[in-house]
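Take a look at the letters that make up each chain.
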Amino acid sequence: LEGDPTEVALARVAAAAGLERAEIERELPRHAELPFDTRRRRMTTIHRDGDGFLAFTKGSPEDVLGLCKGRPSPTATEDVGPSSELETAAERARRGQRVMAFAYRRLSTLPETLDPNAVEQGLEFLGLVAMEDPLRPEAAAAIAECRTAGITPVMITGDHPATARAIADQLGLGESGSAPLTGAELEDLDVATVRQRVVRSQVCARVTPEQKLRIVEALQSRGQLVAMTGDGINDAPALRQSDIGVAMGLRGTEVAREAADMVLLDDNFATIVHAVREGRRIFDNIRKFIRYTLTSNSGELWTLLLAPFLGLPLPLLPVQILWINLVTDGLPGLALAAERAEPGVMKRPPRDHRETILGGPLVRHVLVIGLLIGALSLASQAWSYRSGSAHWQSVVFTVLTFCQLGHALAIRSESQSLLTLGLFSNRPLLGAVALTVALQLAVLYSPLLQPIFHTTALPARELALCFVLPLVVILAVEAEKWRVRIRNSRPRV
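Predicted model only: the values in this text are computed from it and were never measured.

Novice: Looking at this structure, I do not really get the overall build of the protein chain. What am I missing?
Specialist: The helix and strand inventory of the protein chain stands at 21 helices and 11 strands. For a compact globule of 493 residues, the expected C-alpha radius of gyration is about 23 Å, and the protein chain comes in at 34 Å, more than 25% above that figure. Each of the three principal axes of the protein chain carries a C-alpha extent, and together these read 115 × 50 × 35 Å. Within the protein chain, contacts between residues separated by at least 24 positions form 65% of all contacts whose residues are at least 6 apart in sequence. Total accessible area on the protein chain is roughly 25200 Å²; 59% of this is exposed by carbon and sulfur atoms. Treating the 53 positive side-chain charges of the protein chain as one cloud and the 55 negative ones as another, the clouds have centres 9 Å apart.

Structure representation (structure tokens):
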């Protein structure tokens, strides 16, 4: 069976009791339907039965029982009603089960207009059905991870408040045993109070689609970034209004999927948390790539600009600059995309959505570390050139290349040290660095490549200098990260 999970569950229970749908539809063909309405919280189907009609109604117990003969109408927030059936429904709801009431009415003729007020009255009570949708094992852990990531999860449901509270207690949502915020209460609250109550309660029950939209708008009005999940047609307005609409791919309607920004193929809330973690990793890696590329280009720019002011000849030839941009910038930069999520990526608060990717710390890093790379390159050039070495251009060429490689290794995290991350935890980057070193050495020592790149083989002392100076860049970046760790360890006021 496929379709709405509630309808599928009811059909399976009926089949287990020996009731075949095809046979019943032949005996009692459907003539009309009053579809489910979120305000009525019930639906009715009308079937032809001989010369008359039968109307079957199902919906929330507090709404259906109030329409049955001789039964008073309770309020939606009552946990214990005036009848044994309502007491049973409330008890089942407190166990986290969804309870539906069923009733019927015989009609000799149909009203001129199929109005719910005309059809859904004077009903005969049939019984209650309780059903339970077991929580996925990973749901509670996903909710807890949301909290550590600075995300406030809120349950918004049309179910009975007791059902919502029982499920919320299993998930660890809100204060255990506290009364959920109901749709009836929401009607009388202003925008500011809605946001405050929703964030404090984290559980909303008997909420209509219109009220879901109002909750989203209230949260957004105070600068909150809202992600909304839903699967029904009535969820579409809230999905569209939210900053990130998430629809269910398995049981979601086509309207909900069209209104959403993202569709879950497995209908699993934990997948959203995984997506948040992956999104943070991708954003971090984009920042690392930009940081690496801009800093490398900054280092080259400082080297080329300052050399004439220091009385030095042009440090690099065009073909050497092209080599650095193609090989040194390209291979390690691409490998940074394979970096794993940083330790504690889901324990830091969300970044301000108004923050640009080129924030102040990144710009400072580009300027300071770029200037350091340029200074080291120019220092090696000055030392080699003024000592009368014929290899000075190859020296500055190699120092600039290796400094950029050292920078690539150091910026794998914005706060964690390279020793903590482990040198081998990003093998693609390590391979890219090793390959670039090998290619640079080939440019220096291969007789076939030396005429092309205007390089000469470096003696051991100068080659050692080219390997030692990049360590200064690594230490400078590690010092920067150490300051970040110290700042993050301070208690927030």
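Past the structure itself, the notes keep going.
Novice: Looking at this structure, I do not really get the side chain of Ser 425. What am I missing?
Specialist: Turning to its location among the elements, Ser 425 is positioned in the loop between helix H18 (418–421) and helix H19 (427–445). At 2.3 Å, the side chain of Ser 425 and the side chain of Arg 412 are in polar contact. In terms of polar contacts, Ser 425 uses its side chain to reach the backbone carbonyl oxygen of Leu 421, at 2.9 Å. In this view, Ser 425 contacts Arg 340 and Arg 412; residues no more than four positions away in its chain are not counted.

Novice: Even after reading the chapter, I still don't get the pairing of strand S4 (residues 98–107), so can you show me in this structure?
Specialist: In regular strands, side chains alternate between the two faces of the sheet. Bridge count for strand S3 (residues 52–59) against S4 is 7 bridges, and the pairing is antiparallel. Paired with Thr 57 across the two strands is Ala 103, which belongs to S4.

Cut-offs applied
- Residues numbered from 1 in each chain as written.
- Predicted model: local features only at pLDDT ≥ 70, side-chain atom pairs only at ≥ 80, totals over all residues.
- Heavy atoms only, no water.
- Helix = DSSP H or I, 4+ residues; strand = E, 2+ residues; numbered from the N terminus.
- Rg over C-alpha atoms; globule rule 2.2 N^0.38 Å.
- Contact = heavy atoms within 4.5 Å.
- Areas by Shrake-Rupley, 256 points an atom, 1.4 Å probe, with all protein chains shown as cover.
- Lys, Arg positive; Asp, Glu negative; His and termini not counted.
- Charge placed at Lys NZ, Arg CZ, Asp CG, Glu CD.
- Polar contact = N/O pair within 3.5 Å; in protein donor to acceptor, adjacent residues only side chain to side chain.
- Pairing = 2+ DSSP bridges.

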